[in-house]
Amino acid sequence: MTLSILPSIALLALSALSPAVSAAQQVAASPTNPPPRFEIADIHSSPYSFQSNYFHSDLQGTDRYLFHQASLLDLVAFAYKLEPSHVFGGPTWLEFNHYDITAKQPPSTPVDTTRLMLRALLADRFKLVVHNDTRTMPAQILTVGKDAPKMKHAADATSDTGCKFQQPPAPPAPDAPPPTSYPFNCRNVTMSQYVDAIPRFGANQNYPIVDQTGLKGAWDFDITYTLLPARNGLDIANDLDKIGLKLALGQTPQTVLVIDNLVEKPEPNSPRIAELLPPPPPPAFDVAVIKPSPPDATGDMNIFFNPSGEVRVTHATLQRMIGEAYDISGAGIADIPDFLGKDHWDVVAKIPQDAYPKGRNGSPEVPYDDIQLMLRSLLSERFGMKAHFEDRPNDTAWVLSAATPKLKKAADPTVRTSCDNAPPPGEKDPRAADPIRNRAMFCRNVTMAQFSNQLMYFALDYIKSPVLDATRVDGSYDITLNWSTSRVARGIESIDGRTINRNSNAGASGGPPQAEEPSGAISLPEAISKELGLKLEQQKRATPMLILDHIERNPTEN
C-alpha cells in the first residue's frame, strides 16, 4: 500500500513548530485573574496503536479538544508553545508514556487559550511544575547565499499572504513511484513568516529554524522541494540553495523550559465523566462512492488524500481496507472469508468540510487517524461489518531474545529515554556511508522492553504486531541500529523506491539468470543479530486479533 506523500508534507508545512514563547509572555495568573481551565477532561493511557500517531485538534463546531497518542513531552511542548527539544528535565519516561485526552472548552476557543487551559490541566492532574531558562542550542540558521537571492519584493502588499504547496502530477499508474518534486509558492511573506512555513520533513527536522538573512519587507518567490525516498524526507538545504538561501546547523541562545516536577499517574477522572463528557459520534465521510476496480487494474492498494478534502482508495481488497481502518496488518485478522482478499474496490469519498480547520492552502487539516475511523464507518455502513478484538494464537508474532548480547550501556542513565530516526547531535548517520542500508534507529537510555516496543514503529514493513521482550536483559542502553527495508533486502526494490527487474541478469543467450552480485543490503533480523547480538524471530503466541462477526461481500448501493 502506498499513501501519497503530498498531504503529509502539506500538513507538516502548515503545522511548522512555532517560535518559543516564554511563560512570562502569557497572561499572569492571580487570585483575581485565575488561569483559564477546561470545564472537564478525560485522561487515560492511549490504547495500543499499530502506528502510534500523535495529533491534537479541536472538533470544529463542538466544545471538544482532543489529544491523541500524546506523550507528556508532546503535551508540555504544546502547552508552552515550544519545540520538544526545548523542554528539559523531567523523568526519563517523558516521551514513552502516551495519553489520550478529551477536554471540554467553549466552542471556537482560541488555540492560545487552549494552551493555557492545558497548562492548568497538567498542573492539576500531573502536578507539573516548570521554570524558564535560556540555553545556547543547535538551530538551523537561514542566511543569504553567495549570490543575490532569486526572490522579488512583493508586488502587491495587500495581496493574500502565505505559502502553499501546488498539486504535483498524479502518478501515471497505481504502482508507479510517487512524485519527487513538490512546487511551493510564497506570496507577500516576510522571512520570519517563511521560516514558520518551511516543511519540517527532512534532515535536522527537529531543530528550530532561525532567520538571520537580514532581508527586510515582504517577498514573492517559488521553490520546488525535492523528495529523497532513501532518506524519507526532503532535500530542503539544497533546494533553498537554488533560490540563493543557505540553511545550515549552528548555535543560538534560545528560550527553554525546565520541568521541576511531574508525576506518571494523573489524578483520576471525575466519577461522572461518562455523563458529563459523552464520546462524540465517530467521524464519517460526507459521501462515498464504491465501485469494483477496473479488470485491468494492477498494483497494490493506494490511498490518496486530495487537498480539496477528497480521499481516493484504489485497487483495495476488503482485507487491506480493514487492515488500514483498524491499524493492523492482514495477519492481524482472524477467520478471513475467501472473498476478503479476492475482490478489489475503488472508493471516492469526501471529508466533511466543516469538521476540520482549514490550512493555509485551503485544505482541511485532517489527522490520518480520523481517515482510518472514517474507513471503519464506511465498512460498517456499506458492507455491514461488525467486529471485535480478542487475543488469539498468532504464527507471525515477533519475539526478541538474547543470543550473545553486545549492547552499549547508557552513557547517562538520567538522560531522557528516546528513539529517533535521526542521529543525536554530533553522531554520524551510518546511512550516509552505506545508503543501501536505508533505515536507522537511534535509541538513548532504553530498556530492552522499551526497545522492543519501539521496533515496530520503525520497521512497519517487517513487523505487524507488538514485539515481545524475552531477552531477560536488565539495565538501560544506547542503541544504534541500521538495516535495509524489506523490499530492498529481498532485492525487489531499489533505495529510490523503484521496482527491480529480477530477470535483468539473465544470460545473453536467454539461459538461466546469472548469480546476483551482493548488494550490501541487510534485513532487520540480520542487523539485530550482527549489530546487537540479539535474535528477532517469529513465534506462535497470543496477540490481539480482529474477529469479524459479520461482513457482506458487496456494498450497499451508492
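What you are looking at is a predicted structure, and each value in this text was computed from that prediction instead of being measured.

Rules and cut-offs
- Residues numbered from 1 in each chain as written.
- Predicted model: local features only at pLDDT ≥ 70, side-chain atom pairs only at ≥ 80, totals over all residues.
- Heavy atoms only, no water.
- Phe/Tyr/Trp six-rings, centres within 6.5 Å; stacked < 30°, edge-to-face > 60°.
- Buried < 20%, exposed > 50% of the residue type's maximum accessible area, 1.4 Å probe, protein only.
- Helix = DSSP H or I, 4+ residues; strand = E, 2+ residues; numbered from the N terminus.
- Expected span 1.5 Å × (residues − 1).
- Pairing = 2+ DSSP bridges.
- Contact = heavy atoms within 4.5 Å.
- Axes fitted to C-alpha atoms, helices over the stretch in contact; angles between N-to-C directions.
- Salt bridge = Lys/Arg side-chain N within 4 Å of Asp/Glu carboxyl O.
- Disulfide = S-S within 2.5 Å.
- Core = buried A, V, L, I, M, F, W, Y, C linked by side-chain atoms within 4.5 Å.
- Parallel < 35°, antiparallel > 145°, perpendicular 65-115°, else oblique.
- Left-handed = near helix turned anticlockwise from the far one by under 90°.
- Nonpolar A, V, L, I, M, F, W, Y, C, P; charged D, E, K, R; others polar.

A. Structural detail: the packing of aromatic side chains. A complete count under the given rule lists ten aromatic pairs for this structure. Relative to F67, the ring of Y65 lies with its centre 5.1 Å away and its plane at 45°, an arrangement referred to as tilted. F67 matches Y65 in its accessibility class, with the two residues each being buried. Relative to Y225, the ring of F165 lies with its centre 6.0 Å away and its plane at 55°, an arrangement referred to as tilted.

B. Here's a closer look at helix 8 (residues 368-383). The first and last C-alpha atoms of helix 8 sit 22 Å apart over 16 residues, in line with the 22 Å expected at 1.5 Å per residue. Here helix 8 lies mainly inside the structure; twelve of its 16 residues are buried. Of all the residues in helix 8, the buried ones are Y368, D369, D370, I371, Q372, M374, L375, S377, L378, L379, R382 and F383. Looking one or two residues beyond helix 8, the residue adopting positive phi is G384, at roughly 65°.

C. Layout of the environment of S159. For S159, the location among the structural elements is in the loop between strand 8 (152-153) and strand 9 (162-165). Judged by its relative accessible area of 27%, S159 falls in the partly exposed class. A sequence separation of 28 residues divides S159 from R187, and the C-alpha atoms of the two residues are 7.9 Å apart.

D. Representation of the environment of L128. Considering the arrangement of structural elements, one finds L128 in the loop between helix 3 (111-126) and strand 7 (129-144). Counting along the chain gives 135 residues from L128 to V263, while the straight-line C-alpha distance between them is 7.4 Å.

E. The arrangement of the sheet that holds strand 18 (residues 333-334) in detail. In space, the four strands of this open sheet follow the order 18-26-20-24, with mixed pairing throughout. Of all strands in the sheet, those bounded by a partner on one side alone are strand 18 and strand 24 (468-470). In this sheet, strand 24 lies alongside strand 20 (residues 386-402) in parallel orientation, the contact comprising three bridges. The residue of strand 24 that forms the bridge with V399 is L468. Of the strands in this sheet, strand 20 and strand 26 (534-550) touch helix 12 (residues 524-532), which is tilted by about 145° from strand 26.

F. Representation of the pattern of salt bridges within the structure. The full count for this structure, using the stated rule, is 17 salt bridges. For D343, the salt bridge is made with R553, and the minimal N-O distance between the two is 2.7 Å. Taken together, the positions of D343 in the loop between strand 18 and strand 19 (344-350) and R553 in the segment after strand 26 put the pair 210 residues apart, joining distant regions of the chain. Residue classification places R553 among the partly exposed residues on the basis of a relative accessible area of 41%. Of the charged contacts in the structure, one is a salt bridge between E531 and R437, with a shortest N-O distance of 3.8 Å. With a gap of 94 residues between them, E531 in helix 12 and R437 in the loop between helix 9 (430-433) and strand 23 (439-446) connect regions that are remote in the sequence. Given a relative accessible area of 25%, E531 falls into the partly exposed group.

G. How the structure looks around the state of the cysteines. Taken as a whole, this structure holds two disulfides when the rule is applied. Across a sulfur-sulfur distance of 2.1 Å, C419 and C443 are joined as a disulfide pair. Because the sign of the S-S torsion sets the handedness, a value of about 110° for the bond joining C419 and C443 places this disulfide among the right-handed ones. Linking C419 in strand 22 (residues 418-420) with C443 in strand 23, this pair joins segments that are 24 residues apart in sequence. In the protein chain, the bonded cysteines, numbered by position in the sequence, are linked as 1-2, 3-4.

H. Geometry of the sheet that holds strand 22. With respect to topology, four strands assemble into an open sheet ordered 21-25-23-22, the strand pairing being antiparallel. Each of the sheet's edge strands pairs with one partner strand only, and the pair in question is strand 21 (408-409) and strand 22. As judged from the six bridges shared by strand 23 and strand 25 (residues 477-483), these two strands associate in the antiparallel manner. Considered in strand 25, the bridge of A440 is made with N482. Here helix 10 (residues 448-458) sits on the sheet in contact with strand 22, strand 23 and strand 25, set at roughly 155° to strand 23.

I. Quick look at the nonpolar core. Ranked by size, the top nonpolar core spans 35 residues in total, and within it L318, M321, I322, I351 and I551 carry the most contacts. Taken together, the elements giving at least two residues each to this core come down to strand 15 (287-292), strand 16 (302-306), strand 17 (310-317), helix 7 (318-325), strand 19, helix 8 and strand 26. By residue number, the principal contributor to this core is helix 8, which donates seven residues. Once residues lying within four places of it in the same chain are set aside, the contact partners of I551 are L318, I322, P337, F339, L340, F383, G384 and M385. A41, Y80, W93 and F126 belong to the second-largest nonpolar core, a separate cluster that totals 30 residues.

J. Molecular detail of the pairing of strand 6 (residues 98-104). Of all seven residues in strand 6, five are buried, a share of seventy percent or more. Sheet topology places strand 2 (residues 40-45) next to strand 6; six bridges connect them, and they run antiparallel. Across the sheet, residue A41 finds its bridge partner in strand 6, namely A103. By the bridge criterion, six bridges tie strand 4 (residues 64-71) to strand 6 in an arrangement that is antiparallel. For A70, the partnering residue across the bridge sits in strand 6 and is Y99.

K. Inspection of the packing of helix 2 (residues 72-79) against helix 3 at higher detail. The N-to-C vectors of helix 2 and helix 3 enclose an angle of 135°; their axes lie 8 Å apart at closest approach. Relative to helix 3, the element helix 2 lies oblique. Two packed elements cross with a definite hand, and for helix 2 against helix 3 that hand is left-handed. In this structure, helix 2 contributes L72, L75, V76, F78 and A79 to the contact, and helix 3 contributes V111, T114, R115, L118, R119, L122 and F126. Tallied by class, the residues present in the contact of helix 2 with helix 3 amount to nine nonpolar, one polar and two charged.

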